[in-house]
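Results of the structural survey
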Amino acid sequence: QVQLVESGGGLVQAGGSLRLSCAASGRTFSNYAMAWFRQAPGKEREFVAGISRSGGITSYADSVKGRFTISRDNAENTVYLQMSSLKPEDTAVYYCAAGSTIATIGAAGTTYWGKGTLVTVSS
């Protein structure tokens, strides 16, 4: 089992920035690819960004490319999501997830999920 705890959410004005953190425990953090997903009110959960086990490969949804940056610190068992130029449509609960590869997180095999942190972007 992998336990994931997100933090860093809050209320921010459009154009502002936030950094989300996800602390992992339970199993060897570097054995897992990590990702951030989000779910807006009334919408399905969607992929935001993913990072490989070593951090050498990253992937982003088109809607956040150039504005969000995913990173990880394997020594600290933590993955981050730096969000800049935030828009009201970024408002959602953001979830941290762990799995075998970026492509399989939430799609195949075992995925571990955090409970989420709420990000609200005001216009």
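Above this text you will find the structure in question.
Throughout what follows, the structure given in this document is the object of discussion. Predicted model only: the values in this text are computed from it and were never measured.

Topic: the environment of Lys-87
By secondary structure assignment, the location of Lys-87 is in the loop between β8 (78-83) and β9 (92-99). We classify Lys-87 as partly exposed; its relative accessible area is 35%. Ignoring sequence-local partners within four residues, the contact set of Lys-87 consists of Arg-67 and Val-121.

Considerations on the packing of aromatic side chains
On inspection of all chains with the given rule, the structure shows 3 aromatic pairs. Here Phe-37 and Phe-47 contribute two aromatic rings whose centre-to-centre distance is 5.7 Å and whose plane-to-plane angle is 80 degrees, an arrangement assigned as edge-to-face. Taken together, the residues span a long stretch of sequence, with Phe-37 in strand β4 (residues 33-39) and Phe-47 in strand β5 (residues 46-51) at a distance of 10 residues. By relative accessible area, which is 25% here, Phe-47 ends up partly exposed. With a centroid separation of 5.0 Å and 70 degrees between ring planes, the pair formed by Phe-37 and Trp-113 is classed as edge-to-face. Of the two residues, Phe-37 is situated in strand β4 and Trp-113 in strand β10 (residues 112-113); the sequence distance between them amounts to 76 residues. When its relative accessible area of 32% is taken as the criterion, Trp-113 is described as partly exposed. A connected cluster of aromatic rings, assembled from ring pairs, spans Phe-37, Phe-47 and Trp-113. Of note, Arg-45 hangs over the ring of Tyr-95, and the distance from its end group to the ring centre comes to 4.0 Å.

Things to note about the pattern of salt bridges
All told, the structure shown has 4 salt bridges when counted by the stated rule. For the salt bridge of Asp-62 with Lys-65, the shortest nitrogen-to-oxygen distance reads 3.2 Å. Between Arg-67 and Asp-90 there is a salt bridge; the shortest N-O distance is 2.7 Å. You can see Arg-67 sitting in the loop between β6 (58-60) and β7 (68-73) and its partner Asp-90 sitting in the loop between β8 and β9, a full 23 residues away along the chain. Each member of the pair, Arg-67 as well as Asp-90, carries the same accessibility label: buried. Salt bridges here are not isolated pairs; linked through shared partners, they connect Arg-38, Glu-46, Arg-67 and Asp-90.

Focus: the sheet that holds β8
Strands sit in the order β1-β3-β8-β7 across an open sheet of 4 strands; the sheet is antiparallel. Here the strands that pair on one side only, and so sit at the sheet edges, are β1 (3-7) and β7. Within the sheet, the average angular offset between the axes of one strand and its neighbour, ignoring direction, is 15 degrees. Sheet topology places β1 next to strand β3 (residues 18-25); 5 bridges connect them, and they run antiparallel. What sits directly across from Leu-4, in β3, is Ala-24.

Scoring rules and cut-offs
Residues numbered from 1 in each chain as written. Predicted model: local features only at pLDDT ≥ 70, side-chain atom pairs only at ≥ 80, totals over all residues. Heavy atoms only, no water. Helix = DSSP H or I, 4+ residues; strand = E, 2+ residues; numbered from the N terminus. Buried < 20%, exposed > 50% of the residue type's maximum accessible area, 1.4 Å probe, protein only. Contact = heavy atoms within 4.5 Å. Phe/Tyr/Trp six-rings, centres within 6.5 Å; stacked < 30°, edge-to-face > 60°. Lys NZ or Arg CZ within 6 Å of the ring centre and 35° of its normal. Salt bridge = Lys/Arg side-chain N within 4 Å of Asp/Glu carboxyl O. Pairing = 2+ DSSP bridges. Axes fitted to C-alpha atoms, helices over the stretch in contact; angles between N-to-C directions.

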